[in-house]
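# Analysis of the macromolecular model
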Amino acid sequence: YNEYKSYLSIMGKQKVKPFQTKEEDKHDVGPLKDRGCTDIICIIIFIVFLGGMVALAYFAFMLGDPWRLVNGYDSFGNTCGRKNTKLEGIKSEYNGLDMTDKPYLMYFDPTVMLPSSLSSVAQFGTGSVKELTMMICVKECPSQNVVGIFSSETTDKRFATYKELYDKNKVSYCQYKFFEEYYTDTKATELGSKDKNKLFIPESVSSNELSKQYGGSSGPCPPFLFNSTALLGRCIPGFSDLVNLGEELGGKATSGDIATELETKINEVLGTNVTAEQVMKYAMSDVMNSYRETAMMCGASLVISFIMILLLGWVAQVMIYAIALVTALACIAGPAYFWYVWYIAKKDFDAMSIKVPSQEENVQTLMVYAIIVTVICVVVLLLIIFLRSRVGLMVTIFKEAGYMVMRMIVVLFTPILLALFIVAWAGLWTFVSGFIYTADNPKDLEFERAYTEDGYDAKNVTFVIFEDQVYIKYVWLYHLFGLYWVTEFFLACHEMAVAGAFVQFYWTREKSKISFPVLRGIWWVFRYHLGTVAFGSCIIAIIQLIRTILAYIQNKTKDSTSEVVKYLLMCLQCCLWCFEKVMKFINRNAYIYTAFKGSNFCTSCKKVFGLLMSNIVRVGIVNCVGSFILFLGKFLVSLIVACLGYFMMSNDETLYFWAIPVLIACIFAFAVAHTFFSVYEIGIDTILICFCEDETKNDGTPGREYYMSKNLMQWVDNSSEALSNLKKKKAQQKAQAKAAKSSDNVTMEDIN
């Protein structure tokens, strides 16, 4: 009946109390079975907030066009590679063109790879910008260089090349409809132009003025072309071509200098003498050619991480004692070395016939340093000696966590499920962000093309810019807070579910009888404690949002001359970072206690804080040293994969930069190790809290036996008595079982 009642409680078929009373809590131990929903108001607020995000996404879908981000858009508001319609309220004659056959975006000035000048105009007006960089959609990226920017001798040759490209491939790199409107055989014949390889020149414009009119980066034709590669729908010129541009501009500090410097840095890092283009080409080639070896290394990281989980208890024991030994030796050798240096300096000073004041000060300074180092080392050495038993407890907890993980092997796959949820959420958030970013208002921008020389009657041109909505900042704050809150919500759900599994395993005397602890832990979270998870994750999200706003302010004031302001902002950022770490620590332990006792967030924080404060030494050692050991474990997995990759690829002559695929595999290995070890870390924290609670509620006497294992029982104060009582209890159970078996045999003989 009790099992059936418990089953009904778990499935939510009966009404239960929210959490235990104080009187029940004094006598009852183990995880609460009769659970109730906690922090209901918080989950309601969370659902309402998600409804707001859905409404925000709906309006973003109505107003935005993320294809402008993906494909890029030209200076007239047309999205490349798409069939465009005329934007409402836009007068630009080139807006609304069909660009399905022109998928690539080309900048007339390739040194400006983002339309920052347009943003400048939108913010400060046309008076702040002398010339804008025109962007057009093209059928294909330029495959040859057409340079010679300010030289009038090459002007005709450059325009002849543009016309030749247009006549041959029908690819225009000038303003839309330029050749159809200005360069036609009919117009050239009417005006008596005999050279069809020259651009049509109006009678009122001299050849010198022509180079200015049709040579600027605002069009209608580009001042130069570069051999470019299509990357993410943009025509990107090569580094070597940008260097040529820098030389053409007369050695000024331009993009050519930047390209040269970047190329030099890459060669310094790789120890080679190749261009940046070749580096990228060879790197991609090596990744593709070594995909089998990379896949093998990634698979090996899974196996190595799994083995590390099995051996972590023993590996941790060796590491911990090795660290303690090295630290103890350093605490002895350090002061000895400083006192030896002081002794030599004092001896040399005493041997001097003339006492130099500066030398005397050096001797005194060395003595002060020796005293300080000695005091610190003595304190550390005493801590190692007196806390060695606590370190032993941590080693035992590591072993217990490994044992439980192996008995609940399914728990290792929960981080994979968590990663899928987070990746899906990040993808959805990014998708909606594209619509929000492009949910702006189009606006005509008419300005005069201005060039370096005076005396030219500039020609007006109308571009299209997109201005932000007046409320866009508040929309982004809401959307960003949603990213933080939902992400932390998923992480908190995972922590509480895994903690619930470890709690059940710890508080079950017959470990073989426990069934589906991981699934039951997940059920507890989603049936009863989503409100608690929403509460705790909201606190972390608020802190992260404040830190983001503060970082934005820091970026805006980085050029400020006030050092006081910079210092205060840095201090605030540091304090918020520390506060976030503290709250994450409290939240995790509160989630563990909620999984344990089914209490709400505030009650869990209060009780677990008192429990941790009463065991502050144990908690400090387990969290500090334990975190360091887990980091070493992750690093060891990555190091093993790196060594494996070195032996597999270092002698492969077909690879130019074998270190790149090895680096990719090492990053993957560290991520995999972190995934596995995160479960282990939650298990360690859960076992520590359960151990402290078990020690508080029980004393090992008959009727109040410990739930902890024999290995953990040796670290309680009355360990010998508890172990003796445990042996007596097991002996009694065996005797009772033997007597029951004998009674059954006698009964069967009587029947026969």
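The present account deals with the structure reproduced in this document. (Residues numbered from 1 in each chain as written. Predicted model: local features only at pLDDT ≥ 70, side-chain atom pairs only at ≥ 80, totals over all residues. Heavy atoms only, no water.)

### Let's talk about the overall build of the protein chain
When helices and strands are tallied, the protein chain shows 25 helices and six strands. With 752 residues in all, the protein chain has 43% of them scored as buried. Partitioning the contacts of the protein chain with sequence separation of at least 6, the portion at a separation of at least 24 is 73%. Here the protein chain displays about 41400 Å² of accessible surface, and carbon together with sulfur accounts for 64% of that area. (Helix = DSSP H or I, 4+ residues; strand = E, 2+ residues; numbered from the N terminus. Buried < 20%, exposed > 50% of the residue type's maximum accessible area, 1.4 Å probe, protein only. Contact = heavy atoms within 4.5 Å. Areas by Shrake-Rupley, 256 points an atom, 1.4 Å probe, with all protein chains shown as cover.)

### Considering the environment of proline 223
Tracing the sequence through the fold places proline 223 in the loop between α9 (207–213) and β3 (228–231). The spacing of proline 223 and phenylalanine 108 is 115 residues in sequence and 7.1 Å in space, taken between C-alpha atoms.

### A look at the environment of isoleucine 90
Inspection of the secondary structure assignment puts isoleucine 90 in the loop between α4 (67–70) and β1 (104–107). Owing to a relative accessible area of 7%, isoleucine 90 belongs among the buried residues under this scheme. Sequence separation between isoleucine 90 and threonine 462 is 372 residues, and the spatial gap between their C-alpha atoms is 9.8 Å. Apart from residues no more than four positions distant in its own chain, isoleucine 90 is found in contact with Asn95, Pro442, Lys443, Asp444 and Val464.

### Observations regarding the pattern of salt bridges
Tallying each qualifying case throughout the model produces ten salt bridges. Arginine 547 is paired through a salt bridge with glutamate 580; the nearest N and O atoms lie 2.8 Å apart. Remark: glutamate 580 occurs in helix α20 (residues 563–597) and arginine 547 occurs in helix α19 (residues 530–556); sequence separation between them is 33 residues. A residue is classified by how much of its surface remains accessible, and arginine 547, at 24% relative accessible area, is partly exposed. With relative accessibility at 6%, the residue glutamate 580 sits in the buried group. Residue glutamate 681 pairs with arginine 588 through a salt bridge whose shortest N-O separation is 3.7 Å. (Salt bridge = Lys/Arg side-chain N within 4 Å of Asp/Glu carboxyl O.)

### Overview of the packing of aromatic side chains
As enumerated under the stated definition, the model contains 27 aromatic pairs in all. When the centroid spacing of 5.9 Å and the interplanar angle of 55° are considered together, the rings of phenylalanine 61 and phenylalanine 431 count as tilted. Placement of phenylalanine 61 in helix α3 (residues 40–63) and of phenylalanine 431 in helix α16 (residues 414–437) is noted, with a sequence separation of 370 residues between them. With centroids separated by 5.2 Å and ring planes inclined at 10°, the aromatic side chains of tryptophan 507 and phenylalanine 596 adopt a geometry described as stacked. Here the residue tryptophan 507 occupies a position in the loop between α17 (472–506) and α18 (517–528), and phenylalanine 596 occupies one in helix α20, the gap between them amounting to 89 residues. When the ring centre of phenylalanine 466 is taken as origin, the NZ or CZ atom of arginine 68, which lies over that ring, is 3.8 Å away. (Phe/Tyr/Trp six-rings, centres within 6.5 Å; stacked < 30°, edge-to-face > 60°. Lys NZ or Arg CZ within 6 Å of the ring centre and 35° of its normal.)

### A word on the side chain of threonine 594
Along the chain, threonine 594 turns up in helix α20. Apart from the residues within four sequence positions on either side, threonine 594 is in contact with Arg35, Met496, His529, Thr532, Ser599, Asn600 and Ser604.

### A word on α18
When the terminal C-alpha atoms of α18 are compared, their 16 Å separation across twelve residues agrees well with the 16 Å that a helix rising 1.5 Å per residue should span. Within α18 the residues assigned to the buried category are Pro517, Val518, Gly521, Trp524, Val525 and Tyr528. Looking straight down α18, one finds that the buried residues subtend no more than 140° of arc, so they occupy a single side. More than 90 degrees from the buried face of α18, the exposed residues found are Leu519 and Phe526. (Expected span 1.5 Å × (residues − 1). Arc of directions from axis to C-beta.)

### Description of the pairing of strand β4 (residues 234–237)
Both β3 and β4 contribute to a ladder of four bridges, which runs antiparallel. Bridge pairing links leucine 231 to arginine 234 in β4. Once β3 ends, the chain turns through two residues before running back antiparallel as β4, passing leucine 232 with a positive phi of about 55°. (Pairing = 2+ DSSP bridges.)

### Section: the state of the cysteines
Considering all chains together, one arrives at two disulfides under this definition. Residue cysteine 80 pairs covalently with cysteine 137 via a disulfide, S to S 2.0 Å. One disulfide, between cysteine 80 and cysteine 137, carries an S-S torsion of -80° and so falls in the left-handed class. On the criterion of sequence distance, the pair formed by cysteine 80 in the loop between α4 and β1 and cysteine 137 in strand β2 (residues 135–138) is long-range, its members being 57 residues apart. A relative accessible area of 0% places cysteine 80 in the buried class. Two residues, cysteine 141 and cysteine 235, share a disulfide whose sulfurs are 2.1 Å apart. The S-S bond linking cysteine 141 to cysteine 235 shows a torsion near -85°; that makes this disulfide left-handed. Remark: cysteine 235 occurs in strand β4 and cysteine 141 occurs in the loop between β2 and α6 (155–169); sequence separation between them is 94 residues. (Disulfide = S-S within 2.5 Å.)

### Observations concerning unusual backbone geometry
A positive phi is found at aspartate 39, a non-glycine position, where the angle reads about 50°. Here aspartate 39 shows up in the loop between α2 (22–27) and α3. A positive phi angle, near 50°, is found at phenylalanine 516, a position not held by glycine. For phenylalanine 516, the location among the structural elements is in the loop between α17 and α18. Residue phenylalanine 516 is classed as exposed on the basis of its relative accessible area, which comes to 61%.

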